[in-house]
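The primary structure of each chain is shown beneath.
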Amino acid sequence: MASAKIVQLQSLKPDLHERAWVSIPHPNLPLIATAHGKNVTVFSLSTLSLHSVLADGHSRSVRSVAWKPSLPPNNLCLITGSFDSSAGVWRWANGDDESADYSADDLSQDMTRGITKEDSAKAGDWDYNLVLEGHDSEIKGCAFSPSGAYLATCSRDKSIWIWEDIASAESEDDWETIAVLNEHEGDVKAVAWCPDVPGRNNIGQRYYSVDVLASASYDNTARIWREDSDGEWVCVAVLQGHQGTVWGVEWEPRPMNDAFPRLLTFSADGTIRVWTLEQGEDGADDGAIPQDRLGGIPSTMRRSFREQWNCTAVLPKVHDKDVYSVTWSAESGLVASTGSDGVVALYKEDSDDVSNFRPPPGENTADGSSRSNHDGSAAGGPQWQLLTTVPNAHGPYEINHITWCRRHDAGSTRRGEEEMLVTTGDDGVVQSWQVDVNSS
Amino acid sequence: MAAAALDNANPTILSASQLPTRQKRSAPRNGPDCRYSDLIFAKPSYMSRPFLQDDDIRYQDDTATADDLSAEPIDEQEIYDLISSITDPEHPVSLGQLSVINLPDIHITPSPALGVPSPNTIVQVTVELTPTVTHCSLATVLGLGVRVRLEQVLPPNYRVEVICKENSHSQDDQVNKQLSDKERVAAALENDSLRSVLDKMLESCLEN
């Protein structure tokens, strides 16, 4: 039985003094962007203090942000999704070349320099390069595909838009809409792309391109979307089981045995569910074999391109109301959740059960299918255990977001490697937490 | 709101004296029977001694009152007083007078009878609305007004839930779901036209 402790570290300075919705760490640099009010504040994770502010871009609240991944060194690009129905494309303009200092290599070579470089970084500033318009109402979420090729935005208008930057140079912005996905029956609360891991790339290549998008909605469902061989984006699965709004989706960042990543969904019904793609004998996706080539038939009618996703676990129940955010660590495999009750909870998957439960492709089927249930109620024993909880993590306030991120501050003994949790609350505080787990 | 568009053109309206109050408030006495009150109830002369400032007396009185307040948990009547004075968006009368808000339909957990909750104890306040007619399209706006009013004045450990009383409204599930969606509520408050309707509804609360 493992035991765990969550210890409060510092809050990031300054406090924002208004509701903050979300804090997203940069994929490899020591930066974290927090959406609050109509602005975004970027904090340095080296100094745990202000890096820069993105202001005067939106007429209503910024609800979500996304860092563009895989950029050349010295480039930063942030997308802001706003209640004003638009998404903003922001690029960091260096004051001069000497602040070309944000490459991860540089930082890992000499972490102490990160702090002094803060000053030169402040010489630069954010340019509001482009407004992405098209949604009819509030944008609630935005996310980049792992390669950075696609941006997905989702809205209260029930649609998901997929955008592609087709500009020839990275510094230019020429975005076009490549798909509008309309099947949700309520607000689309969040979107997330499946990470680029071997498990993703081994499966489903016969019928779809590699990118897989998941969405969560006010209609109580989550959906899985893929691009078929005709270049059409189609819904390949509807994940039903939650009894309230699905606030978000979180992919498994590092699956074992090269399995296809699993998906967590979390909801206003207070539960967190684990979903697994049913894979066939040869590791391929039986569930997605088209019975016929249906060229020419509208995508909404291609029902045969289905994937079978099963709810294979429900995490131990902690939250009695809305679960607003869940984060899954690539490093430790630990899951943390938070919500309107202001509680932070930490869960661990039973490693004994994992091998049993999720055999590598090729050995599975009977066991896996007997434990799962298509209606979304999980069968089988307890596969996840609750390690610990922190009540009132932001005092009496609701917590809107939680994320794992790397520690880069002076207090860490393994800078750039050690992980911490960061929570973002209605009190405008962005709080970091150290997690200690002892397995005995 | 155009008169022709009224959802309920002829609602039942209670008079102020029929509404629940904490105690019978005696009307201010200004009639002939209190002509000599100033003399009778005048401050005794010993309190006018130069070293005893008026301020001191007031200060002592204030602390006594403040203690009383902090020692008393927020109860259903207090919630009622906060929201029953909200003005209906269609009629120039309060939600209390329209019986949209009713004292027995306000629930607090943990119960205020258990004493003052600690500042970190999450207190659930549930207000059941009774819209004036079953198809009232304004139920969402009413609910939003109640939620906003309470969130403005209650301490941060109070969670407000506003729901339509069961069977009182033909789409109550939809209304309830909207009203409990924090993101939708936040976005609605940034909608200028809705905001001005809400401000007008809440104006009457601020007068007292």
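Residues numbered from 1 in each chain as written. Chains lettered and ligands numbered in written order. Predicted model: local features only at pLDDT ≥ 70, side-chain atom pairs only at ≥ 80, totals over all residues.

- Per UniProt, the comment on chain B under Sequence similarities (unreviewed entry) is "Belongs to the MIP18 family." (UniProt positions renumbered as here; feature names shortened; annotations may be inferred.)

- As annotated in an unreviewed UniProt entry, chain A carries the name Probable cytosolic iron-sulfur protein assembly protein 1 and comes from Hypocrea virens.
- The record in UniProt for chain A states the following under Sequence similarities (unreviewed entry): "Belongs to the WD repeat CIA1 family."
- Its UniProt record gives chain A the following Function (unreviewed entry) comment, quoted word for word: "Essential component of the cytosolic iron-sulfur (Fe/S) protein assembly machinery. Required for the maturation of extramitochondrial Fe/S proteins."

1. Focus on the overall build of chain B
- Scanning chain B from terminus to terminus reveals 7 helices and 3 strands.
- Secondary structure elements of chain B occur, N-terminal to C-terminal, as α-α-α-β-β-α-β-α-α-α.
- Counting all 208 residues of chain B, 25% fall into the buried class.
- Considering only contacts in chain B between residues 6 or more positions apart, those separated by 24 or more positions represent 73%. (Helix = DSSP H or I, 4+ residues; strand = E, 2+ residues; numbered from the N terminus. Buried ≥ 20, exposed ≤ 12 C-beta atoms within 10 Å, placed from the backbone. Contact = placed C-beta atoms within 7 Å.)

2. Describing the overall build of chain A
- The secondary structure content of chain A amounts to 5 helices and 29 strands.
- Within chain A, the proportion of its 440 residues that are buried is 50%.
- For chain A, long-range pairs separated by at least 24 residues make up 63% of all intrachain contacts whose partners lie at least 6 apart in sequence.

3. A few points about the confidence of the model for chain B
Residues and elements named next belong to chain B.
- Residues at a pLDDT of 70 or more form 71% of chain B, whose mean pLDDT is 79.
- With pLDDT under 50 throughout, residues 46–68 is counted as low confidence; its partners more than four residues away or in other chains account for 3 contacts.
- Predicted as a complex, the structure gets a pTM of 0.83 and an ipTM equal to 0.84. (pLDDT = per-residue confidence, 0-100.)

4. Some thoughts on the interface of chain B and chain A
- At the interface, 11 residues of chain B touch 12 residues of chain A.
- Residue classes in the side of chain B that touches chain A are distributed as 5 nonpolar, 2 polar and 4 charged. (Nonpolar A, V, L, I, M, F, W, Y, C, P; charged D, E, K, R; others polar.)

5. Details of the packing of helix H4 (residues 139–153) of chain B against helix H5 (residues 172–179) of chain B
All names here are of chain B.
- Between H4 and H5, whose axes approach to 10 Å, the crossing angle comes to 30°. Both H4 and H5 take part in a crossing whose hand is right-handed. Contacts between H4 and H5 involve Ala139, Thr140, Gly143, Leu144 and Arg147 from the first element and Val175, Gln178 and Leu179 from the second.
- Considered class by class, the residues forming the contact of H4 with H5 number 4 nonpolar, 3 polar and 1 charged. (Axes fitted to C-alpha atoms, helices over the stretch in contact; angles between N-to-C directions. Left-handed = near helix turned anticlockwise from the far one by under 90°.)

6. Here's the deal with helix H7 (residues 192–206) of chain B
- Between its terminal C-alpha atoms H7 of chain B stretches 20 Å, which fits the 21 Å expected from 15 residues at 1.5 Å a residue.
- When the local axis directions of H7 of chain B are compared, the greatest deviation, roughly 30°, occurs at lysine 200 of chain B. (Expected span 1.5 Å × (residues − 1). Bend = angle between axes of the 7 residues up to and from the residue.)

7. Looking at the environment of arginine 19 of chain A
All names here are of chain A.
- Mapping arginine 19 onto the fold places it in the loop between strand E1 (2–11) and strand E2 (20–25).
- What makes arginine 19 partly exposed here is the crowd of 19 C-beta atoms within 10 Å.
- Residues arginine 19 and glycine 37, 18 residues apart in the sequence, show an inter-C-alpha distance of 6.9 Å.
- Other than its neighbours up to four places away in sequence, arginine 19 contacts His36, Asp426 and Gly428.

8. Regarding the packing of helix H3 (residues 76–83) of chain B against H4 of chain B
All names here are of chain B.
- Contact geometry for H3 and H4: axes closest at 10 Å, N-to-C directions at 115°. The handedness of the crossing between H3 and H4 comes out as right-handed. Facing Ile79, Leu82 and Ile83 of H3, the residues of H4 in contact are Val146, Arg149, Leu150 and Val153.
- When grouped by side-chain class, the residues that make up the contact of H3 with H4 number 6 nonpolar, no polar and 1 charged.

9. Considering unusual backbone geometry
- That bond from lysine 13 of chain A to proline 14 of chain A is cis: its omega, 0°, falls within 30 degrees of zero.
- Of note, proline 14 of chain A is situated in the loop between E1 and E2.
- A cis amide bond links threonine 109 of chain B to the next residue, proline 110 of chain B, at an omega of -5°.
- Examined against the element boundaries, proline 110 of chain B turns out to sit in the loop between strand E1 (106–109) and strand E2 (123–129).

10. Focus: the sheet that holds strand E20 (residues 272–277) of chain A
All names here are of chain A.
- If you walk across this open sheet you meet the 4 strands as E18-E19-E20-E21, and the pairing is antiparallel. Either end of the sheet is taken by a strand with one partner, and the two such strands are strand E18 (246–251) and strand E21 (309–314). Averaged over all adjacent pairs, the angle separating strand axes in this sheet is 30°, with direction ignored.
- As paired strands, E20 and E21 are joined by 5 bridges and run antiparallel to one another. Within E21, the position partnered with tryptophan 275 by the bridge is cysteine 311. (Pairing = 2+ DSSP bridges.)

11. Thoughts on the UniProt feature "repeat: WD" (unreviewed entry) in chain A
- Taken from the UniProt record, the annotation "repeat: WD" (unreviewed entry) applies to residues 55–100, 132–164 and 239–285 of chain A.
- Helix and strand shares over residues 132–164 of chain A are 0% and 55% respectively, and the end C-alpha atoms of the span are 11 Å apart.

12. Remarks on the pairing of E1 of chain B
All names here are of chain B.
- A one-sided burial pattern is seen for E1, the buried positions being Ile106 and Ile108 and the unburied ones His107 and Thr109.
- Strand direction decides the pairing type here: E1 and E2, joined by 4 bridges, are antiparallel. Considered in E2, the bridge of isoleucine 106 is made with valine 127.

13. Things to note about the confidence of the model for chain A
All names here are of chain A.
- Per-residue pLDDT for chain A has a mean of 85; in total, 80% of the residues score no lower than 70.
- With pLDDT under 50 throughout, residues 281–297 is counted as low confidence; its partners more than four residues away or in other chains account for 35 contacts.
- Low confidence marks residues 353–379, where pLDDT is under 50. Its contacts with residues over four positions away, or in another chain, come to 47 contacts.

14. A look at the nonpolar core
- Counting residues in each nonpolar core, the largest one holds 107 residues, and the members touching the most others are Ala33, Val65, Ala66, Leu78, Ala152, Val191 and Leu264 of chain A.
- Not counting chain neighbours up to four residues away, the residues in contact with alanine 66 of chain A comprise Ile24, Ile79, Cys142, Ala143, Phe144 and Leu151 of chain A. (Core = buried A, V, L, I, M, F, W, Y, C linked by C-beta atoms within 7 Å.)

15. Examining the environment of proline 316 of chain A
Residues and elements named next belong to chain A.
- Its location among the elements puts proline 316 in the loop between E21 and strand E22 (323–328).
- Judged by C-beta crowding, with 14 C-beta atoms within 10 Å, proline 316 ranks as partly exposed.
- Here the alpha-carbon distance between proline 316 and glutamate 176, two residues 140 residues apart in the chain, equals 43 Å.
- In this structure proline 316 touches Tyr347, Trp384, Gln385 and Leu386, once residues within four positions along its chain are discounted.

16. Quick look at the environment of serine 412 of chain A
Residue and element names in this part refer to chain A.
- With respect to the secondary-structure elements, serine 412 resides in the loop between strand E27 (399–406) and strand E28 (419–425).
- The partly exposed category is assigned to serine 412, around which 18 C-beta atoms lie within 10 Å.
- Here serine 412 is in contact with Arg407 and Glu418, once residues within four sequence places are set aside.

17. Considerations on the sheet that holds strand E6 (residues 62–67) of chain A
Residue and element names in this part refer to chain A.
- Spatial ordering of the open sheet is given by E6-E7-E8-E9, a layout of 4 strands whose pairing is antiparallel. One side of each edge strand has no neighbouring strand; the edge strands of this open sheet are E6 and strand E9 (125–132). The mean inter-strand angle of the sheet, taken between neighbouring strand axes irrespective of direction, is 25°.
- Summarising the sheet, strand E7 (residues 77–82) and strand E8 (residues 87–93) pair through 5 bridges and their orientation is antiparallel. Residue pairing across strands places leucine 78 opposite tryptophan 90, the latter belonging to E8.

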